[in-house]
Amino acid sequence: MTKEKSPERAVSEGRFAILYFAWGEEFLQEVEHSIQNSPLLVKYDILLLTDRQTDLNRYEHLFSQVIIGDFQMSGLLRKSELIHYLPSGYDAFLFLDSDTIVLEEISFGFEMSLKHGIAMAPCHHYGLENFWGFREVMKAAGQPQRGQLQYNTGVLFFRNSPDVLTVLKRWNELVLKYKHIHNNDQPFFTLAMERLGYNPYTLPITYNYRGSGDVILGKVRIWHSHYKRPGNVNKKPDRWPPRRAYHSTLIYFDLNRIRYWPGFLLQRIRRALRRKSL
């Protein structure tokens, strides 16, 4: 009997790649910034998927491989065409949006993608049907709106295997069919998994932190925002109550609690007076 490899061992022995999908000067500048500020990516091959119109002269040295595509769509929907351009020879990929920075070790994401197929974090705008009118697509597709969780496609660990490629293929098919209703790729990915009954491994939001005020427990591993990350974002990872980052500001206290302080103080005084009268 052949002993199955542990995910940790598989990661140490496997071949993995970071994949950026970007076109045009503005987004290539963002990719350059992402790579230069993510030194932990040096252990992986870094790939770029782009179009024929993009001038790569300044940037080609950043990548192990550049893949040129002839795309049917523009804007965010173009990301769903990823299925047609994945290179062979890799066990798993990490797809990163151009406005991401890898701050901490991310091998756990690859481990979970090898074990479960897909590993990704929830979107901070987490209601699938509530995402800018996406319920109209769900209605058209015959998908019940039952408060399903939406995942964020800006940080996507995935295994190079037939089951995952089926998800990517369905993603592209749904975009092509309903692009006249909605112009964002992200909810279509979750819908593809819903239609196929595919369960990804759900990573904590610290693997895809958007700088939108969500609470932070532990270290932010991937900062995903056009806002500059706070330099001390990972200084006190175990602090409680948890910290938040809103845009470029780190918040240690929830100021909304101030309104409860008078009542809390009055409670303490009453208890002290009762103990004194006993």
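Everything here concerns the structure above.
Analysis parameters
Residues numbered from 1 in each chain as written. Predicted model: local features only at pLDDT ≥ 70, side-chain atom pairs only at ≥ 80, totals over all residues. Heavy atoms only, no water. Helix = DSSP H or I, 4+ residues; strand = E, 2+ residues; numbered from the N terminus. Contact = heavy atoms within 4.5 Å. Areas by Shrake-Rupley, 256 points an atom, 1.4 Å probe, with all protein chains shown as cover. Lys, Arg positive; Asp, Glu negative; His and termini not counted. Charge placed at Lys NZ, Arg CZ, Asp CG, Glu CD. Pairing = 2+ DSSP bridges. Axes fitted to C-alpha atoms, helices over the stretch in contact; angles between N-to-C directions. Salt bridge = Lys/Arg side-chain N within 4 Å of Asp/Glu carboxyl O. Buried < 20%, exposed > 50% of the residue type's maximum accessible area, 1.4 Å probe, protein only. Parallel < 35°, antiparallel > 145°, perpendicular 65-115°, else oblique. Left-handed = near helix turned anticlockwise from the far one by under 90°. Nonpolar A, V, L, I, M, F, W, Y, C, P; charged D, E, K, R; others polar.

Participant: For the overall build of the protein chain, give the residues involved together with the corresponding values.
Facilitator: For the protein chain, the helix and strand inventory stands at seven helices and 12 strands. For the protein chain, restricting intrachain contacts to residue pairs at least 6 apart in sequence, the fraction spanning at least 24 positions comes to 67%. Approximately 15100 Å² of the protein chain is accessible, and the part contributed by carbon and sulfur atoms is 51%. Charge centroids of the protein chain, computed over 37 positive and 28 negative side chains, lie 14 Å from each other.

Participant: Can you break down the sheet that holds strand 4 (residues 92-96) residue by residue, with the values?
Facilitator: Taking strand neighbours across the sheet as the criterion, the seven strands line up as 3-2-1-4-7-6-8 in an open arrangement whose pairing is mixed. Here the strands that pair on one side only, and so sit at the sheet edges, are strand 3 (65-69) and strand 8 (201-202). Two strands pair when backbone bridges link them, and strand 6 (residues 118-127) and strand 7 (residues 149-159) are joined in this way by five bridges, in the antiparallel orientation. Residue pairing for strand 7: Pro122 is matched across the bridge by Tyr151. Against the sheet, helix 3 (residues 107-116) touches strand 1 (16-21), strand 4, strand 6, strand 7 and strand 8, its axis set at about 90° to strand 7.

Participant: Give a detailed account of the pattern of salt bridges, specifying residues and quantitative values.
Facilitator: In total, this model carries 13 salt bridges according to the counting rule given. Measuring nitrogen to oxygen at the nearest pair gives 2.7 Å for the salt bridge that ties Asp163 to Arg159. In this structure Asp163 comes out as partly exposed when scored by relative accessible area, which is 31%.

Participant: Provide a residue-level description of the packing of helix 5 (residues 162-178) against helix 6 (residues 185-196), including the pertinent values.
Facilitator: Closest axis-to-axis distance for the helix 5/helix 6 pair is 8 Å, and the angle between their directions is 120°. By the criterion of interaxial angle, the relationship of helix 5 to helix 6 is oblique. Crossing handedness for the pair helix 5 and helix 6: right-handed. Across the interface between the two elements, Thr166, Val167, Leu168, Arg170, Trp171, Leu174, Val175 and Tyr178 from helix 5 touch Asp185, Phe188, Phe189, Leu191, Ala192, Met193, Arg195 and Leu196 from helix 6. Of the residues contributing to the contact of helix 5 with helix 6, the split by class is 12 nonpolar, one polar and three charged.

Participant: Residue-level account of helix 3, with values.
Facilitator: Within helix 3, seven of the 10 residues are buried, which leaves the element mostly enclosed by the surrounding structure. By the burial criterion, the buried members of helix 3 are Ser107, Gly109, Phe110, Glu111, Met112, Ser113 and Leu114. Of the residues trailing helix 3, Gly117 is marked for its positive phi of about 100°.

Participant: I'd like a description of the sheet that holds strand 11 (residues 243-246), backed by residues and values.
Facilitator: Taken together, the three strands give an open sheet; going across it, the order is 9-11-12, and neighbouring strands pair in antiparallel fashion. Strands with a single pairing partner mark the edges of an open sheet, and in this sheet they are strand 9 (212-216) and strand 12 (249-251). The average angle at which neighbouring strand axes cross in this sheet is 20°, direction not considered. Strand direction decides the pairing type here: strand 11 and strand 12, joined by three bridges, are antiparallel. Bridge pairing in strand 12 places Ala245 opposite Leu250.

Participant: Kindly report on unusual backbone geometry, identifying the contributing residues and their values.
Facilitator: The omega torsion of the bond from Trp240 to Pro241 falls at 0°, within 30 degrees of zero and hence cis. Its place among the elements puts Pro241 in the loop between strand 10 (222-224) and strand 11. Phi at Trp132 is positive, roughly 45°, even though this residue is not glycine. Its location among the elements puts Trp132 in the loop between strand 6 and helix 4 (135-141).

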